[in-house]
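Residue strings, one per chain:
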Amino acid sequence: MEERDVELIVQSMNRLGLRITDQRKTIAQLFANATGFLSAKEVFLGMVDKYDGISFDTIYRNLRLLKELGVIEQFQIEDSYKYRVACFGHQHHHHHMICLSCNRVIPLESCPMDNFQAPDQFRIVKHRFEIYGYCDNCQQQGMGEDAETISA
Ligand SMILES: [Zn+2]
Ligand SMILES: [Zn+2]
Ligand SMILES: [Zn+2]
């Protein structure tokens, strides 16, 4: 898939003024090769062979930095945080629909907060909003047919 191309990831790191170290190139490669999401632990396991003595902290710091710069995006999938390459062309604030079967991520153009008035003069500083379900492809393969609609 083009959007997972390692060169694109390195280019966007570069554009954001990030020093392209060998380690970061390897992180870009890991994300480029990943078919779905990667956990911090999976990134660590992908790095530890090549970089003897690299710490989990170093990995975590890099992931946080890449997230802050919008190179990767963080998702909460079944109670754990996972990462994937950010939706290129959607670098501004956006939300996602996530397929529970194939982990496909579809960016949403609109933010539900745009039309939301908080009661009690609550001053909102951040929000999270993700929709989980089954994509068209997976539905055609019969996935999610008996899934109940739940709110979490
Ligand atoms: Zn996105
Ligand atoms: Zn799917
Ligand atoms: Zn929003």
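Residues numbered from 1 in each chain as written. Chains lettered and ligands numbered in written order. Predicted model: local features only at pLDDT ≥ 70, side-chain atom pairs only at ≥ 80, totals over all residues.

(A) Expanded view of the packing of helix 1 (residues 6-15) against helix 2 (residues 22-33). At a minimum axis separation of 8 Å, helix 1 and helix 2 run at an interaxial angle of 135 degrees. By the angle class used here, helix 1 and helix 2 are oblique. Like other packed secondary-structure pairs, helix 1 and helix 2 cross with a definite hand, here right-handed. Seen from helix 1, the contacting residues are Val6, Ile9, Val10 and Met13; seen from helix 2, they are Arg24, Lys25, Ala28, Gln29, Phe31 and Ala32. Here the residues of the contact of helix 1 with helix 2 are counted per class, giving seven nonpolar, one polar and two charged. (Axes fitted to C-alpha atoms, helices over the stretch in contact; angles between N-to-C directions. Helix = DSSP H or I, 4+ residues; strand = E, 2+ residues; numbered from the N terminus. Parallel < 35°, antiparallel > 145°, perpendicular 65-115°, else oblique. Left-handed = near helix turned anticlockwise from the far one by under 90°. Contact = placed C-beta atoms within 7 Å. Nonpolar A, V, L, I, M, F, W, Y, C, P; charged D, E, K, R; others polar.)

(B) Representation of the sheet that holds strand 4 (residues 105-108) within the structure. Here three strands make up an open sheet; going across it, the order is 4-3-5 and the pairing mixed. Looking at the sheet topology across the chains shown, the edges are occupied by strand 4 and strand 5 (130-133). Here the average twist between neighbouring strands, direction ignored, is 20 degrees. Two strands pair when backbone bridges link them, and strand 3 (residues 95-99) and strand 4 are joined in this way by four bridges, in the antiparallel orientation. Counted as the bridge partner of methionine 97 is isoleucine 106 from strand 4. (Pairing = 2+ DSSP bridges.)

(C) Main features of helix 1. Here helix 1 has its buried residues at Ile9, Ser12 and Met13. One side of helix 1 carries all its buried residues, which in axial view fall inside an arc of 105 degrees. Exposed residues on helix 1 whose side chains face more than 90 degrees from its buried face are Glu7, Asn14 and Arg15. (Buried ≥ 20, exposed ≤ 12 C-beta atoms within 10 Å, placed from the backbone. Arc of directions from axis to C-beta.)

(D) Up close: the pairing of strand 2 (residues 80-85). Sheet analysis places strand 1 (residues 72-77) next to strand 2, joined by six bridges and oriented antiparallel. Note that in strand 2 the partner of isoleucine 72 across the bridge is valine 85. In textbook terms, the turn of a hairpin is the stretch between consecutive antiparallel strands, and for strand 1 and strand 2 this stretch comprises two residues, one of which, glutamate 78, has a positive phi near 45 degrees.

(E) Up close: the domain arrangement of the protein. What the domain assignment lists for the protein is domain 1 (2-85) and domain 2 (95-140). For domain 1 and domain 2, the distance between their C-alpha centroids amounts to 23 Å. (Domains from an automatic or database assignment.)

(F) The environment of glutamine 139, seen in detail. By secondary structure assignment, the location of glutamine 139 is in helix 5 (residues 136-140). When the C-alpha positions of glutamine 139 and serine 101 are compared, they lie 9.3 Å apart, and in sequence the two are 38 residues distant. Look past the residues within four positions of glutamine 139 in its chain and what remains in contact with it is Tyr134 and Gly144.

(G) Quick look at the pairing of strand 3. Two successive antiparallel strands, strand 3 and strand 4, enclose a turn made up of five residues, where asparagine 103 displays a positive phi of approximately 65 degrees. Pairing of strand 3 with strand 5 involves four bridges; the strand directions are parallel. Within strand 5, the position partnered with histidine 96 by the bridge is glutamate 130.

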